[in-house]
Amino acid sequence: MTDLLLIFFGAIFINNFVLARFLGICPFLGVSKKLETAVGMGLAVTFVMTMASAITFGVNKLLLRFNLGYLDTITFILVIAVLVQFVEMILRKYSPGLYQALGIYLPLITTNCAVLGVALINIDPSAGYNFIQATVNGFAGGVGFTLAIILFAGLRERLEFAPLPKAMEGFPIALILAGLVSIAFLGFSGFRLQALLGL
Amino acid sequence: MNTVIAAVLLLTGLGVLFGIGLAVASRKLAVETDPRVDEIERLLPGANCGACGYPGCRGLAEAIVEGSAPVNACPVSTDCAPIAEVMGVEALACERQVAKVRCIGGKKEAKERFAYVGSKDCFAAHQLAGGPKACEYGCLGLGSCVEACPFSAISINENGLAVVDEEKCTGCGQCVSACPRDLIALLPAGDPVTVYCRNTEKGGVVRKICRTGCIGCGICVKQCDQGAITLENNLAVIDPEKCNRCGRCIAKCPVKVIHGTVDEKLTAAAVSGGK
C-alpha cells in the first residue's frame, strides 16, 4: 500500500509528466486556452493513460517471452491507437454524454506522448513495477497531467487581460508561463514523501 | 534469422488481431443515426458559430430532426426551405437578419469625460466609472464586437464607432452578446429605418453630451401614420414590421438620429399630400 501511495504522489508532483518530464507538451499548450476544455482534455487523458498502462504491461510480457523487448515502442503505439479507437466506440455507444463532453479530444490523445511515455516508464526494469503499480502510475500520471493543464489554463485565462507588449501576446507568453510553472513544480522535487506521509 | 521472423510474425499477428477486433467492435457498437441529421447538417452553413444556441451545426441538425428546434432556427442560413423539405413541413418565414450598431455618436458628435488608456476591451472600459464617453449608453469603439465577429464583418471607423458590413454579416449574433452596452441588435437586412441611439436619459441631459442622441421629443411618433414608432423611457423605438419606410421621421428628426433606406414613392406621395 505504501509503495502505491508513493508512486501516486510521486507521479503527480515530483515526476509530473508535463512539468518535470516534459511529455505531452502539445495538448498542454494547445488545449489550455479555456478552463472548460482543459478539464475535458485532462479527464480524457487520465482515462486513456490508465487503460494504456494496464494493457501495455501485459503486451510487454508477451514481447519479453519472445525476446522482442526492443519492439516495445512501436508495439505500444499500435496498442494505444487501437485502444483510443476502441474507447471512443464504447463511449459513443454506452455513454453519449461523456462522448459529447470529451468531443474531439478523445482521438487527439493517440498522439499524446505522455501516454506512450507512461507505458515505457512502466516497463523500465530499474523501476520494476508490477501490474498494479504500473496501473496506479498511469492513473496518477493522468491526474498529474490534469492538474498541470488546469493550473495552466487558469493562468492563461487571466493572462488574456494582461497589458502585454504586442510581440509577447498569445503564444510567446504562454511558453514563458509554461517554463515558470515548471520551475515552480521543481520545488516539489526536494520532498521526502516517506517523511511527509508519516511512513 | 529466427528473431526477424518472430518479430515480423508477432507484429503482424498483433496488427491483424487488433484490426479484426476493431472491425468487429465497430459493427457491434455501431450507433444508428437518422440519415436526415446528415442531410440537414449539409444544408446548414457549417461555420459552427453557435448562434442558434446548440453546440455547432450538427447539434442543431440533431435538434431539428428531434423536433426540439424549428427548421429556421439557424440565424445565419438565408434559406430554410430545403431544410423544411427534408423535414416534410411548411417553410416558415426565413428572412435574413443582420446586426446593427445603434449608436452614431462618435468622436465628432459625442463628448468624452476622460482619456482612456487601458486595455482595448469595451467591458474593461465600461467597468471603469462607466467608460470614457460622457454618454453611458454609446459605442465605446474599442472593438470587442470586432473581435467577437467570426466573419470579419465589423470594423471601427475613423469616427471611433463600430460599423457592420451588411454584405459580410451573417446575423450569427456573436457581437450582440459581446457588446457591454447592448447596442447591437439583429434587424431585418436591407438597412431598415432605425433609431441609432440607446440613451434613455431625458432630452436636456442627452443634448449636453451628444449632438446625435435621441432626446425623446416624440416628433417622429406624431409623424408616423403606421403606428410603428413608440416612445419608451425617453427613447424612440421603431418596429421594423410595421414601418413602411415612408421616411417622414427621418426628415423631421431634430437631432438626425433616425436613418435607413427610404421607399422613394412613399416619400413623394407624402410631400404631394401636403403633410
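What counts as what
- Residues numbered from 1 in each chain as written.
- Chains lettered and ligands numbered in written order.
- Predicted model: local features only at pLDDT ≥ 70, side-chain atom pairs only at ≥ 80, totals over all residues.
- Heavy atoms only, no water.
- Helix = DSSP H or I, 4+ residues; strand = E, 2+ residues; numbered from the N terminus.
- Buried < 20%, exposed > 50% of the residue type's maximum accessible area, 1.4 Å probe, protein only.
- Areas by Shrake-Rupley, 256 points an atom, 1.4 Å probe, with all protein chains shown as cover.
- Contact = heavy atoms within 4.5 Å.
- Buried area = accessible area lost by both parts, 1.4 Å probe.
- Polar contact = N/O pair within 3.5 Å; in protein donor to acceptor, adjacent residues only side chain to side chain.
- Patch = residues over 30% accessible without salt bridge, like charges linked within 9 Å, V, L, I, M, F, W, Y side chains within 5 Å.
- Salt bridge = Lys/Arg side-chain N within 4 Å of Asp/Glu carboxyl O.
- Lys, Arg positive; Asp, Glu negative; His and termini not counted.
- Charge placed at Lys NZ, Arg CZ, Asp CG, Glu CD.
- Axes fitted to C-alpha atoms, helices over the stretch in contact; angles between N-to-C directions.
- Parallel < 35°, antiparallel > 145°, perpendicular 65-115°, else oblique.
- Left-handed = near helix turned anticlockwise from the far one by under 90°.
- Nonpolar A, V, L, I, M, F, W, Y, C, P; charged D, E, K, R; others polar.
- Core = buried A, V, L, I, M, F, W, Y, C linked by side-chain atoms within 4.5 Å.
- pLDDT = per-residue confidence, 0-100.

Asks: Looking at this structure, how should I read the overall build of chain A?
Replies: When helices and strands are tallied, chain A shows 10 helices and 0 strands. Per-residue burial for chain A yields a buried fraction of 43% across its 199 residues. For chain A, the exposed area adds up to about 10,200 Å²; of that, 69% sits on carbon and sulfur atoms.

Asks: Would you mind showing me how to read the interface of chain A and chain B here?
Replies: How big an interface is tends to be expressed through the accessible area that disappears when the partners come together. With 18 residues of chain A at the interface, the matching set in chain B holds 16 residues. For chain A, the biggest contributors to the area lost against chain B are Val-82, Met-89 and Lys-93 of chain A; these three give 28% of the whole. There are 0 residue pairs in polar contact (both at pLDDT 80 or more) connecting chain A and chain B. Those elements that provide at least two residues to the side of chain A that touches chain B are α3 (35-65) and α4 (72-94) of chain A.

Asks: Would you mind showing me how to read a negative patch on the surface here?
Replies: On the surface, Glu-36, Glu-157 and Glu-160 of chain A together with Glu-147 of chain B cluster together to form a negatively charged patch. One can find Glu-157 of chain A in helix α8 (residues 131-159).

Asks: Looking at this structure, I do not really get the packing of helix α1 (residues 2-14) of chain A against α8 of chain A. What am I missing?
Replies: Axis angle and axis distance: for two packed helices, these are the angle between their axes and the distance between the axes, and together they describe the pair. Residue and element names in this part refer to chain A. Look at α1 against α8: their axes get within 7 Å of each other, and the N-to-C directions meet at 30°. The pairing of α1 with α8 is recorded here as roughly parallel in orientation. In this structure, the crossing between α1 and α8 has a hand that is right-handed. Taking contact as the criterion, the partners of Asp-3, Leu-4, Ile-7, Phe-8, Ala-11, Ile-12 and Phe-13 in α1 are, on α8, Ile-132, Gln-133, Val-136, Asn-137, Phe-139, Ala-140, Gly-141, Val-143, Gly-144 and Leu-147.

Asks: What's the story with the packing of α3 of chain A against α4 of chain A in this structure? I'm lost.
Replies: Residue and element names in this part refer to chain A. With their axes 10 Å apart at the nearest point, α3 and α4 run at an angle of 135° to one another. What the angle tells us is that α3 and α4 run oblique. The two elements α3 and α4 cross, and the hand of that crossing is right-handed. Packed against α3, whose contacting residues are Phe-47, Val-48, Met-51, Ala-52, Ile-55, Thr-56, Val-59, Asn-60 and Leu-63, the element α4 presents Asp-72, Thr-75, Phe-76, Val-79, Ile-80, Leu-83, Val-84 and Val-87 at the interface. Classifying every residue of the contact of α3 with α4 by side-chain character gives 13 nonpolar, 3 polar and 1 charged.

Asks: Please clarify how the nonpolar core should be interpreted in this entry.
Replies: Buried together is how nonpolar side chains tend to be arranged in soluble globular proteins. Residues Leu-19, Phe-28, Met-41, Met-49, Ile-109, Val-115 and Phe-152 of chain A are the most contacted members of the largest nonpolar core, which totals 48 residues. Contributions of two or more residues to this core are made by α2 (25-30), α3, α4, α6 (105-108), α7 (113-122), α8 and α9 (171-186) of chain A together with α1 (2-28) of chain B. Here this core gets 9 residues from one element, more than from any other, and that element is α4 of chain A. Those residues in contact with Met-41 of chain A that sit more than four places away from it in its chain are Pro-27, Val-31, Tyr-105, Ile-109, Phe-145 and Ile-149 of chain A.

Asks: Help me out: how do you make sense of the confidence of the model for chain B in this one?
Replies: Reading predicted coordinates in detail is not appropriate for stretches of low pLDDT. Scored by pLDDT, chain B comes out at a mean of 84, with 94% of its residues at no less than 70. If you check the scores for this complex, the pTM reads 0.54 and the ipTM reads 0.72.

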